[in-house]
Amino acid sequence: QLQASGGGLVQAGGSLKLSCTASVRTLSGYGFGWFRQVTGKEREFVAAIRWSGGTTVYSDSAKGRFTISKDNAKTTVYLQMNNLEPEDTAVYYCAAQPRMIYSSLGQSSLYHNWGQGTEVTVSS
């Protein structure tokens, strides 16, 4: 069970921080991903992190602007988004899956646990 939050309306160049809290005690071996989707388009990978070790991976569009991180005590994964662009407008979903290997983190089809989505709107 994942609870996502933090979306909103922001001007281009602004920042937002998304949160995804998992109601699972033990997250060792889990992979967490952030994906986004625009109506009528396929879900797109944004960033992901392995809970154990904290290794991260980003899409090309997210590199240098977005940072994924985690808080062990809060069982929460964050997506700090800076320098937002209108093209970042989408519904953002967090996903989690146990026993995720690094090379699979960006594959949405491998995640079976999804949050409800949080809407991000970037105005120009």
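Structural data are supplied above this passage.
Residues numbered from 1 in each chain as written. Predicted model: local features only at pLDDT ≥ 70, side-chain atom pairs only at ≥ 80, totals over all residues. Heavy atoms only, no water.

### With respect to the pattern of salt bridges
A side chain of one charge can pair with a side chain of the opposite charge when the charged atoms of the two come close.
Item 1. Using the criterion set out here, one finds 4 salt bridges in the structure.
Item 2. Between Asp60 and Lys63 there is a salt bridge, with its nearest N and O atoms 3.5 Å apart.
Item 3. If you follow the salt bridges from partner to partner, you end up with Arg36, Glu44, Arg65 and Asp88 in one network. (Salt bridge = Lys/Arg side-chain N within 4 Å of Asp/Glu carboxyl O.)

### What about the packing of aromatic side chains?
Item 1. Within the structure shown, the criterion is met by 7 aromatic pairs.
Item 2. For the ring pair Tyr30 and Phe32, a centre distance of 6.2 Å and an interplane angle of 35 degrees mean the geometry is tilted.
Item 3. Assessed through its relative accessible area of 16%, Tyr30 is described here as buried.
Item 4. Taken together, the aromatic side chains of Phe35, Phe45, Tyr93, Tyr111 and Trp114 make up a single cluster linked through ring pairs.
Item 5. Over the face of the ring belonging to Tyr93 we find Arg43, whose NZ or CZ atom lies 4.1 Å from the ring centre.
Item 6. Note that Arg43 overlies the ring of Trp114, its terminal NZ or CZ placed 4.5 Å from the centroid. (Phe/Tyr/Trp six-rings, centres within 6.5 Å; stacked < 30°, edge-to-face > 60°. Buried < 20%, exposed > 50% of the residue type's maximum accessible area, 1.4 Å probe, protein only. Lys NZ or Arg CZ within 6 Å of the ring centre and 35° of its normal.)

### Section: the state of the cysteines
Item 1. With the rule as written, the count across this model stands at 1 disulfide.
Item 2. What pairs with Cys20 in a disulfide is Cys94, and their sulfur atoms sit 2.2 Å apart. Between Cys20 and Cys94, the S-S torsion sits near 70 degrees, and that sign places the bridge as right-handed. With Cys20 in strand β3 (residues 16–22) and Cys94 in strand β9 (residues 90–97), this pair connects stretches of sequence that are 74 residues apart.
Item 3. We classify Cys20 as buried; its relative accessible area is 0%. (Disulfide = S-S within 2.5 Å. Helix = DSSP H or I, 4+ residues; strand = E, 2+ residues; numbered from the N terminus.)

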